Amino acid sequence: MKRFLIMTLACITFGASAILVYANDAHHPKADVQKSYAVKGEVVVVDKAAGKVKLKHEAIPELDWPAMTMFFSVADKSQLESLGVGDQVEFQLMKSNEGVPLITKIKAVR
Ligand SMILES: [Cu+2]
């Protein structure tokens, strides 16, 4: 009987840790892997004070985004200094875990 109890406890303990490992693994990729996408677009509005730029951007197939015109936050506001309306740009777009898009790098291409 004692032996049976020990086996049962061992099974329960093992089962619980297996579930924990599984939960961690399932959670891991989304939490830690940050993808960034190279996108092209055209500057529509530059808001240096807010650190935002409105871009008419091309489609981003990896994100299932169609081409559109929208505002983006820029991580490094100083990168907006040299940008003007009508500039063709290339930028790196990242999405936070909450799904908020952020431009990590942007530069005009001529
Ligand atoms: Cu968009």
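Residues numbered from 1 in each chain as written. Predicted model: local features only at pLDDT ≥ 70, side-chain atom pairs only at ≥ 80, totals over all residues.

A count of helical and extended segments in the protein chain gives one helix and five strands. Along the chain direction, N to C, the helices and strands of the protein chain fall in the order α-β-β-β-β-β. Here the protein chain holds 110 residues, and 10% of them are scored as buried. (Helix = DSSP H or I, 4+ residues; strand = E, 2+ residues; numbered from the N terminus. Buried ≥ 20, exposed ≤ 12 C-beta atoms within 10 Å, placed from the backbone.)

The pairing of strand β3 (residues 68–74) with strand β5 (residues 101–108) spans two bridges and is classified as parallel. Paired with Val74 across the strands is Ile103, a residue of β5. Alignment of strand β4 (residues 88–95) against β5, held across seven bridges, turns out to be antiparallel. Looking at β5, one finds that Val89 is bridged to Ala108. In sequence, β4 turns back onto β5 through a hairpin of five residues, with Gly99 there showing a positive phi of about 90 degrees. (Pairing = 2+ DSSP bridges.)

The strand order around the closed barrel built from five strands is β1-β2-β3-β5-β4, with neighbouring strands paired in mixed fashion. Recorded for the sheet is a direction-independent mean angle of 55 degrees between the axes of neighbouring strands. Where strand β2 (residues 52–57) meets β3, six bridges bridge the pair, whose relative direction is antiparallel. Opposite His57, over in β3, you have Met68 as the bridge partner. (Axes fitted to C-alpha atoms, helices over the stretch in contact; angles between N-to-C directions.)

Here the focus is the nonpolar core. Membership of the largest hydrophobic core is limited to nine residues, which are Val39, Val53, Leu55, Val74, Leu80, Phe91, Leu93, Ile103 and Ile106. Contributing elements (two or more residues each) for this core: β2, β4 and β5. Excluding residues within four positions of it along the chain, Phe91 makes contact with Val39, Gly41, Ile103, Lys105 and Ile106. (Core = buried A, V, L, I, M, F, W, Y, C linked by C-beta atoms within 7 Å. Contact = placed C-beta atoms within 7 Å.)

Quick look at the environment of Ala75 now. Summarising the element assignment, Ala75 is placed in the loop between β3 and β4. On a C-alpha basis, the gap between Ala75 and Lys105 in space is 7.6 Å, while along the polypeptide they are 30 residues apart. Each residue touching Ala75, except ones within four places of it in the same chain, is listed here: Leu102, Ile103 and Thr104.

This brings us to the confidence of the model for the protein chain. Per-residue pLDDT for the protein chain has a mean of 82; in total, 70% of the residues score no lower than 70. Model confidence for the protein chain, summarised as mean pLDDT per element, is weakest for helix α1 (residues 2–32) at 52 and strongest for β2 at 98. Confidence drops under pLDDT 50 across residues 17–21; counting only partners more than four residues distant or on other chains, this segment forms zero contacts. (pLDDT = per-residue confidence, 0-100.)

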